[in-house]
Amino acid sequence: MRRLQVLFLATGATLGAFSPFVAVILQAHGLDATAIGLVVALGAVATTVALPAWGHLGDRILGRSRAFQAAAILSIVVALALGGPIPVVALAALVVLLTPFQAAFLSFA
(Lines give C-alpha, C1' and ligand atoms only; values in the text may rest on other atoms or scores of the structure.)
Protein backbone atom coordinates (compact mmCIF):
# COMPACT_ATOMS: atom_id res chain seq x y z
CA MET A 1 0.00 0.00 0.00
CA ARG A 2 2.88 2.37 0.77
CA ARG A 3 4.28 2.03 -2.78
CA LEU A 4 0.92 2.92 -4.25
CA GLN A 5 0.71 6.02 -2.08
CA VAL A 6 4.20 7.07 -3.19
CA LEU A 7 3.21 6.49 -6.82
CA PHE A 8 0.12 8.68 -6.49
CA LEU A 9 2.17 11.36 -4.73
CA ALA A 10 4.76 11.30 -7.52
CA THR A 11 2.02 11.49 -10.14
CA GLY A 12 0.45 14.48 -8.42
CA ALA A 13 3.82 16.19 -8.16
CA THR A 14 4.49 15.78 -11.87
CA LEU A 15 1.05 17.07 -12.79
CA GLY A 16 1.47 20.00 -10.44
CA ALA A 17 4.90 20.81 -11.84
CA PHE A 18 3.88 20.70 -15.51
CA SER A 19 0.29 21.92 -15.70
CA PRO A 20 0.78 25.52 -14.52
CA PHE A 21 3.42 26.10 -17.17
CA VAL A 22 1.58 24.78 -20.23
CA ALA A 23 0.46 28.26 -21.26
CA VAL A 24 3.94 29.70 -20.71
CA ILE A 25 5.56 26.92 -22.76
CA LEU A 26 3.08 27.37 -25.60
CA GLN A 27 3.53 31.14 -25.54
CA ALA A 28 7.31 30.74 -25.64
CA HIS A 29 6.86 28.68 -28.81
CA GLY A 30 4.90 31.46 -30.46
CA LEU A 31 1.24 30.72 -29.79
CA ASP A 32 -1.04 33.64 -29.02
CA ALA A 33 -3.62 33.73 -26.23
CA THR A 34 -6.44 32.48 -28.48
CA ALA A 35 -4.48 29.46 -29.65
CA ILE A 36 -3.38 28.67 -26.09
CA GLY A 37 -6.99 28.88 -24.96
CA LEU A 38 -7.98 26.48 -27.74
CA VAL A 39 -5.27 23.99 -26.74
CA VAL A 40 -6.27 24.14 -23.08
CA ALA A 41 -9.97 23.80 -23.99
CA LEU A 42 -9.31 20.78 -26.21
CA GLY A 43 -7.30 19.25 -23.37
CA ALA A 44 -10.23 19.81 -21.01
CA VAL A 45 -12.62 18.13 -23.44
CA ALA A 46 -10.19 15.22 -23.85
CA THR A 47 -9.99 14.86 -20.07
CA THR A 48 -13.78 14.95 -19.74
CA VAL A 49 -14.11 12.13 -22.25
CA ALA A 50 -11.14 10.16 -20.94
CA LEU A 51 -12.06 10.07 -17.23
CA PRO A 52 -15.00 7.67 -17.58
CA ALA A 53 -13.21 5.74 -20.32
CA TRP A 54 -10.21 5.08 -18.08
CA GLY A 55 -12.54 4.17 -15.23
CA HIS A 56 -14.26 1.62 -17.46
CA LEU A 57 -10.94 0.22 -18.62
CA GLY A 58 -9.72 -0.05 -15.06
CA ASP A 59 -12.90 -1.51 -13.59
CA ARG A 60 -14.10 -3.81 -16.36
CA ILE A 61 -11.45 -4.55 -18.97
CA LEU A 62 -7.79 -4.29 -17.93
CA GLY A 63 -7.98 -4.01 -14.19
CA ARG A 64 -6.81 -0.95 -12.31
CA SER A 65 -3.18 -1.94 -12.12
CA ARG A 66 -2.82 -2.66 -15.85
CA ALA A 67 -4.81 0.42 -16.84
CA PHE A 68 -2.64 2.55 -14.56
CA GLN A 69 0.49 1.06 -16.12
CA ALA A 70 -0.83 1.70 -19.63
CA ALA A 71 -1.63 5.31 -18.78
CA ALA A 72 1.81 5.79 -17.23
CA ILE A 73 3.59 4.36 -20.26
CA LEU A 74 1.52 6.45 -22.68
CA SER A 75 2.14 9.57 -20.57
CA ILE A 76 5.88 8.93 -20.56
CA VAL A 77 5.99 8.45 -24.33
CA VAL A 78 4.10 11.70 -24.96
CA ALA A 79 6.14 13.60 -22.35
CA LEU A 80 9.38 12.44 -23.96
CA ALA A 81 8.09 13.55 -27.35
CA LEU A 82 7.33 16.98 -25.86
CA GLY A 83 11.02 17.38 -25.07
CA GLY A 84 12.13 16.93 -28.65
CA PRO A 85 12.62 19.53 -31.36
CA ILE A 86 9.09 19.57 -32.79
CA PRO A 87 7.01 22.15 -34.64
CA VAL A 88 4.62 24.25 -32.57
CA VAL A 89 1.55 22.52 -34.04
CA ALA A 90 2.90 19.13 -32.96
CA LEU A 91 3.70 20.58 -29.54
CA ALA A 92 0.12 21.77 -29.14
CA ALA A 93 -1.23 18.41 -30.30
CA LEU A 94 0.99 16.56 -27.83
CA VAL A 95 -0.17 18.78 -24.97
CA VAL A 96 -3.77 17.92 -25.85
CA LEU A 97 -2.85 14.24 -26.21
CA LEU A 98 -1.15 14.18 -22.82
CA THR A 99 -4.24 15.30 -20.92
CA PRO A 100 -6.36 12.15 -21.41
CA PHE A 101 -3.45 9.98 -20.33
CA GLN A 102 -3.00 12.07 -17.21
CA ALA A 103 -6.74 11.84 -16.58
CA ALA A 104 -6.28 8.15 -15.90
CA PHE A 105 -4.47 8.96 -12.69
CA LEU A 106 -7.48 10.94 -11.49
CA SER A 107 -9.89 8.13 -12.25
CA PHE A 108 -7.88 5.58 -10.23
CA ALA A 109 -7.35 7.78 -7.18
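See the structure printed just above.
Residues numbered from 1 in each chain as written. Predicted model: local features only at pLDDT ≥ 70, side-chain atom pairs only at ≥ 80, totals over all residues. Heavy atoms only, no water.

S.K.: Honestly, the overall build of the protein in this entry has me stumped. Any pointers?
M.R.: A count of helices and strands for the protein gives 5 helices and 0 strands. Order of helices (α) and strands (β) in the protein, N terminus to C terminus: α-α-α-α-α. Here the protein has a C-alpha radius of gyration of 14 Å; the compact-globule value for 109 residues is 13 Å, and the two agree. Principal axes of the C-alpha set define a box for the protein whose edges measure 45 × 25 × 20 Å. For the protein, buried positions account for 31% of its 109 residues. Counting every atom, the protein has about 6800 Å² of accessible surface; 73% of that belongs to carbon and sulfur. (Helix = DSSP H or I, 4+ residues; strand = E, 2+ residues; numbered from the N terminus. Rg over C-alpha atoms; globule rule 2.2 N^0.38 Å. Buried < 20%, exposed > 50% of the residue type's maximum accessible area, 1.4 Å probe, protein only. Areas by Shrake-Rupley, 256 points an atom, 1.4 Å probe, with all protein chains shown as cover.)

S.K.: How should the packing of helix 3 (residues 33-61) against helix 4 (residues 64-82) be read in this particular structure?
M.R.: Describing two packed helices takes the angle between their axes plus the distance from one axis to the other. In contact at an axis separation of 6 Å, helix 3 and helix 4 are set at 135 degrees when each is read in the N-to-C sense. The angle between helix 3 and helix 4 places the two elements in the oblique class. Residues Trp54, Leu57, Gly58 and Asp59 of helix 3 form the contact with helix 4, whose own contacting residues are Arg64, Ala67, Ala70, Ala71 and Leu74. Along the lines of polarity and charge, the residues of the contact of helix 3 with helix 4 split into 6 nonpolar, 1 polar and 2 charged. (Axes fitted to C-alpha atoms, helices over the stretch in contact; angles between N-to-C directions. Parallel < 35°, antiparallel > 145°, perpendicular 65-115°, else oblique. Contact = heavy atoms within 4.5 Å. Nonpolar A, V, L, I, M, F, W, Y, C, P; charged D, E, K, R; others polar.)

S.K.: Mind showing me how you'd approach the pattern of salt bridges here?
M.R.: Pairing between side chains becomes possible if they bear opposite charge and their charged atoms approach one another. Scanning the entire structure with this criterion turns up 1 salt bridge. Note that Arg64 and Asp59 form a salt bridge whose closest N and O atoms lie 3.3 Å from each other. (Salt bridge = Lys/Arg side-chain N within 4 Å of Asp/Glu carboxyl O.)

S.K.: Even after reading the chapter, I still don't get the nonpolar core, so can you show me in this structure?
M.R.: Where a protein is soluble and globular, its nonpolar side chains tend to be buried together. If you look at the biggest cluster of nonpolar residues, it comprises 23 residues, and the most contacted ones within it are Leu26, Leu31, Val39, Trp54, Leu82, Val95 and Phe108. Where this core is concerned, the elements lending two or more residues are helix 2 (22-28), helix 3, helix 4 and helix 5 (88-107). With 10 residues, helix 5 is the single largest residue contributor to this core. (Core = buried A, V, L, I, M, F, W, Y, C linked by side-chain atoms within 4.5 Å.)

S.K.: I keep staring at a nonpolar patch on the surface and nothing clicks. Help me out?
M.R.: There is a patch of nonpolar side chains on the surface, built from Phe21, Val24 and Ile25 and spanning about 250 Å² of accessible area. You can see Ile25 is positioned in helix 2. (Patch = residues over 30% accessible without salt bridge, like charges linked within 9 Å, V, L, I, M, F, W, Y side chains within 5 Å.)

S.K.: What exactly am I supposed to notice about the layout of surface pockets here?
M.R.: One number sums up the size of the largest pocket: a volume of about 250 Å³. Residue lining of the largest pocket: 14 residues in total, with Thr14, Ala72, Ser75, Ile76 and Phe105 positioned closest to the centre. Element by element, the count of residues in the lining of the largest pocket is highest for helix 1 (residues 2-18), at 6 residues. Tallied by class, residues from the lining of the largest pocket come to 10 nonpolar, 4 polar and no charged. Considered as a void within the structure, the second largest pocket measures approximately 200 Å³ in volume. Residue contributions to the lining of the second largest pocket peak at 5 residues, all from helix 3. (1 Å grid on protein atoms, 1.4 Å probe; cavity = no way out; pocket = protein on both sides within 12 Å on 5 of 7 lines; lining within 4 Å. Points joined across faces, edges and corners; volume = space filled by probe spheres on them.)

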